[in-house]
Amino acid sequence: MDIQFETVVGLIAAISSSNGIIRLMDIRTGNILRTFKSDTSSRDTKLFWSVDNGQNKPKFYNQLICLGFGKGSVRKLSVYDLTDTVTKYYNTNATIIVDEQKEDAKGDDNDAAKDDEKEKEENIEELENIGTKTFGVSNAIPVGYYDGNDNLLYVSSIGDRKIRVYEINSNDGKSGGVREMNASFQSKEDIMGITFGSKQSVNVKKVEMGKCYKLSKDGVIAPIMFFVPRKRTDFFQDDLYSDVLDQDNKSLDIDIKKEGKLNVDISYVSLKPDDMELLSQAPQEKETEYQKRRNSQVKLMEVEKLKQNKVTDEQWLTGMQASADAAGGVNRWDAVAIASEVADDEWSD
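Notes on the structure follow. Just so it is clear, the model here is predicted, and its values are computed rather than measured.

Reading guide: rules and limits
Residues numbered from 1 in each chain as written. Predicted model: local features only at pLDDT ≥ 70, side-chain atom pairs only at ≥ 80, totals over all residues. Heavy atoms only, no water. Pairing = 2+ DSSP bridges. Helix = DSSP H or I, 4+ residues; strand = E, 2+ residues; numbered from the N terminus. Axes fitted to C-alpha atoms, helices over the stretch in contact; angles between N-to-C directions. 1 Å grid on protein atoms, 1.4 Å probe; cavity = no way out; pocket = protein on both sides within 12 Å on 5 of 7 lines; lining within 4 Å. Points joined across faces, edges and corners; volume = space filled by probe spheres on them. Salt bridge = Lys/Arg side-chain N within 4 Å of Asp/Glu carboxyl O. Buried < 20%, exposed > 50% of the residue type's maximum accessible area, 1.4 Å probe, protein only. Phe/Tyr/Trp six-rings, centres within 6.5 Å; stacked < 30°, edge-to-face > 60°. Core = buried A, V, L, I, M, F, W, Y, C linked by side-chain atoms within 4.5 Å. Patch = residues over 30% accessible without salt bridge, like charges linked within 9 Å, V, L, I, M, F, W, Y side chains within 5 Å. Areas by Shrake-Rupley, 256 points an atom, 1.4 Å probe, with all protein chains shown as cover. Contact = heavy atoms within 4.5 Å. Nonpolar A, V, L, I, M, F, W, Y, C, P; charged D, E, K, R; others polar.

1. Examining the sheet that holds strand β11 (residues 131-137)
Pairing is antiparallel in the open sheet, where four strands are placed in the order β5-β6-β7-β11. The open sheet has two edge strands with one neighbour each: β5 (46-50) and β11. In this sheet, neighbouring strand axes are inclined to one another by 15 degrees on average, regardless of whether the strands run parallel or antiparallel. Here strand β6 (residues 63-69) pairs with strand β7 (residues 74-81) via seven bridges, running antiparallel.

2. Comments concerning empty space enclosed by the protein
Applying the stated criterion across every chain, the model contains two cavities of 30 Å³ or more. Estimated volume of the largest cavity: approximately 60 Å³. Looking at the largest cavity, the residues that line it are Y145, D147, Y154, F196, G197, S198, K199, V202, M209, G210 and K211. Elements with a minimum of two residues in the lining of the largest cavity: β12 (142-147) and β17 (208-216). With three residues, the top contributor of residues to the lining of the largest cavity is β17.

3. Focus on the pattern of salt bridges
Summed over the entire model, instances satisfying the criterion amount to 16 salt bridges. The partner of K57 in a salt bridge is D243, with the nearest N and O atoms 3.5 Å apart. Of the two residues, K57 sits in the loop between β5 and β6 while D243 sits in the loop between β18 (221-227) and β19 (244-245), which places them 186 residues apart along the sequence. Note that K199 is salt-bridged to D147, the shortest N-O span being 2.7 Å. Of this pair, K199 sits in the loop between β16 (185-196) and β17 while D147 sits in strand β12, and the two are 52 residues apart along the sequence. When sorted by exposure, K199 lands in the same class as D147, which is buried. The structure contains a network of salt bridges with shared partners spanning R75, D160 and R164.

4. Regarding the packing of aromatic side chains
What the rule picks out here adds up to 11 aromatic pairs. Ring geometry for Y145 against Y154: centres 6.5 Å apart, planes inclined by 35 degrees, an arrangement best described as tilted. Residue classification places Y145 among the partly exposed positions, given a relative accessible area of 25%. Overall, Y154 belongs to the buried group, its relative accessible area being 2%. Pairing Y145 with F196 gives two aromatic rings, centres 4.4 Å apart and planes at 10 degrees, and the pair type is stacked. With a gap of 51 residues between them, Y145 in strand β12 and F196 in strand β16 connect regions that are remote in the sequence. Aromatic ring contacts, followed pair by pair, group Y145, Y154, F196 and F226 into a single cluster.

5. Section: the sheet that holds strand β3 (residues 21-26)
Two modes of strand pairing occur in sheets, parallel and antiparallel, and in both the strands are linked by backbone hydrogen bonds. Pairing is mixed in the open sheet, where five strands are placed in the order β1-β2-β3-β4-β10. Looking at strand neighbours, the two that pair on one side only are β1 (2-5) and β10 (124-125), the edges of this open sheet. Where strand β4 (residues 32-37) meets β10, two bridges bridge the pair, whose relative direction is parallel. Residue pairing across strands places F36 opposite E125, the latter belonging to β10.

6. Quick word on the nonpolar core
By size, the foremost hydrophobic cluster in this structure holds 41 residues, and its most contacted members are W49, L77, Y90 and L153. A total of four residues in this core trace back to one element, the largest contributor, which is β6. Membership of the second largest hydrophobic core comes to 11 residues, among which are L152, I191, F196 and C212.

7. Let's talk about a nonpolar patch on the surface
A contiguous nonpolar surface patch, about 480 Å² in accessible area, is contributed by I141, I158, M192, Y213, L215 and I221. Along the chain, I221 falls in strand β18.

8. Let's talk about the side chain of D246
Among the structural elements, D246 can be located in the loop between β19 and β20 (262-266). With residues near it in sequence (within four places) discarded, D246 still touches Q200, S267, Y268 and V269.

9. Focus on the pairing of β7
Of all eight residues in β7, six are buried; the element is thus mostly enclosed. A loop of four residues connects β6 with β7, the two strands running antiparallel in sequence, and G72 in this loop sits at a positive phi of about 75 degrees.

10. Some words on the layout of surface pockets
Estimated volume of the second largest pocket: approximately 570 Å³. Together, 28 residues line the second largest pocket, and T7, Y61, Y145, Y146 and Q247 are the ones closest to its centre. Taken together, the elements giving at least two residues each to the lining of the second largest pocket come down to β1, β5, β12 and β19. In terms of residue count, β12 provides more of the lining of the second largest pocket than any other element does, four residues in total. Its residues assigned to classes, the lining of the second largest pocket comprises 14 nonpolar, 11 polar and three charged.

Listed below in structure tokens is the structure:
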């Protein structure tokens, strides 16, 4: 069993059970907003709220990642789109202000109130996932962490020695919504658990993307840093780092007992240090001596290749003539057809 609150505002709780049933609950009233069955139903399912546009200051997360087991103890993760349910709830119950810019809420408060008052029997949906991935057969319980700014899911298992990284992108049809990255971390000891520091704690000057803390079997907690290799590290890599939810300096004060629509003020902050310039505004990099020699060699190779493949008109005509001679008389333009005429006395009456 697992319970995870929606990441940005937190008024919706996702609850999983051992039979794969996932429930979305309004924490203000205790009402169940939606119930569906995931395909990770063999054993306990871990939950992670996710979003496609984490780089664009989302007002809330609208997807749910279920990490657990499929049939035959196959470890797998599946992504479910809950946009309709989450959007309808927040538009009705909250006015969300992002960086002091008010967002107009949509929806009918009266209709929502009437729906909440109705007691309905629980309807378990067979919701189709928008992306799924399997990663081997094992009894080890999967653990993970989701980074919304980069749409990355870090996955390991208790007793495993590897941390895999998956990109979650429901718009990528080729990968089926989930793509395993080439990079992964291999530990020397068994991993008993992992957690990550906030995005605001990463070292942007070293192009650090995530700061992980690994718990080993002997009780030692060791840091693991995930980096992106970059050349011009003296500039802020604004193509990698987007504004992040300010969790270190600002907290949400929400009175969940208050009736009616709530005003929620959320804030995003840039990771750019004051002493760094943006990579997108950096001057064009000068070619090194090695790059100049390399580019010169490539051009010479291309010119030599064109010389070898160049065919003159005379060579082309000679080739055509040789082909015609080799084809035989019946295929030549000046050939005379054999037995093309029939004598008159050979016609039958």
